[in-house]
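# Structure assessment
Take a look at the letters that make up each chain.
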Amino acid sequence: MKRPLILTLIASLFALASFAQNKPLKALETAKIKTPNVLCEDCKKRLTTYLDRYDGIQSTVVNFRKGEVTVKYWTDRIDIEQIKTAIANAGYDADDVPAEESAYKRLPKTCKKAEDGGGHPKPKETPVTPVVE
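Described below are features of the structure shown in this document. Quantities reported herein were computed from a predicted structural model and do not represent experimental measurements.

## Structural notes on the overall build of the chain
Within the chain, the regular secondary structure consists of 4 helices and 3 strands. The order of α-helices and β-strands along the chain, N terminus first, is α-β-α-β-β-α-α. Evaluated residue by residue, the chain yields a buried proportion of 30% over its 133 residues. For the chain, long-range pairs separated by at least 24 residues make up 51% of all intrachain contacts whose partners lie at least 6 apart in sequence. Split by element, the accessible area of the chain, about 9900 Å² in all, is 57% carbon and sulfur.

Here's what the structure looks like:
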């Protein structure tokens, strides 16, 4: 009587162990992406709205004064290259990924680069003042 009960218990334990899965841990990562042609509040709103549609992006912070986007994302749902491609598909440059041409053409004139007849002037370089001692 004890022997069948012990064998059943051992078989049950092996069955449970075989169903256990080693799932990778979900990791929340943060990345900063240079977006040199996001230069106004309209660009910020447009890009934030566009990126919020993607599954796996936790939050998006656009700093148009610095020309960068900080994105928190779940690595098991999306990767950094997909995010850069999404930014390019919205019409903006993202690090080494250029803006998708047809999306860039659909941007309002105020959100285009100055060399394309847009409203954004080229960013001014701050002059270096020599220190006189």
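## Section: the packing of aromatic side chains
The final tally for this structure, using the stated rule, is 1 aromatic pair. Taken together, a centroid distance of 5.9 Å and an interplanar angle of 55 degrees make the contact between Tyr 50 and Tyr 54 tilted. By relative accessible area, Tyr 50 is classed as partly exposed at 22%. Here the basic side chain of Lys 112 rests over the ring of Tyr 104, its NZ or CZ set 5.8 Å away from the ring centre. The residue whose ring lies beneath Lys 113 is Tyr 104, and the NZ or CZ to ring-centre distance is 5.8 Å.

## Concerning the nonpolar core
Side chains of a nonpolar character, in soluble globular proteins, are inclined to be buried together. Judged by nonpolar contacts, the single largest core of 23 residues is most densely connected at Val 38, Leu 47, Leu 51, Val 71, Ile 83, Ile 87 and Tyr 92. When residues of this core are traced back to their parent elements, those giving at least two are strand S1 (28-34), helix H2 (41-51), strand S2 (57-63), strand S3 (68-74) and helix H3 (80-89). Excluding residues that lie within four positions of it along the chain, Tyr 92 makes contacts with Asn 37, Val 38, Cys 43, Arg 46, Leu 47, Ile 87, Ala 99, Leu 107 and Cys 111.

The rules behind each value
Residues numbered from 1 in each chain as written. Predicted model: local features only at pLDDT ≥ 70, side-chain atom pairs only at ≥ 80, totals over all residues. Heavy atoms only, no water. Helix = DSSP H or I, 4+ residues; strand = E, 2+ residues; numbered from the N terminus. Buried < 20%, exposed > 50% of the residue type's maximum accessible area, 1.4 Å probe, protein only. Contact = heavy atoms within 4.5 Å. Areas by Shrake-Rupley, 256 points an atom, 1.4 Å probe, with all protein chains shown as cover. Phe/Tyr/Trp six-rings, centres within 6.5 Å; stacked < 30°, edge-to-face > 60°. Lys NZ or Arg CZ within 6 Å of the ring centre and 35° of its normal. Core = buried A, V, L, I, M, F, W, Y, C linked by side-chain atoms within 4.5 Å.

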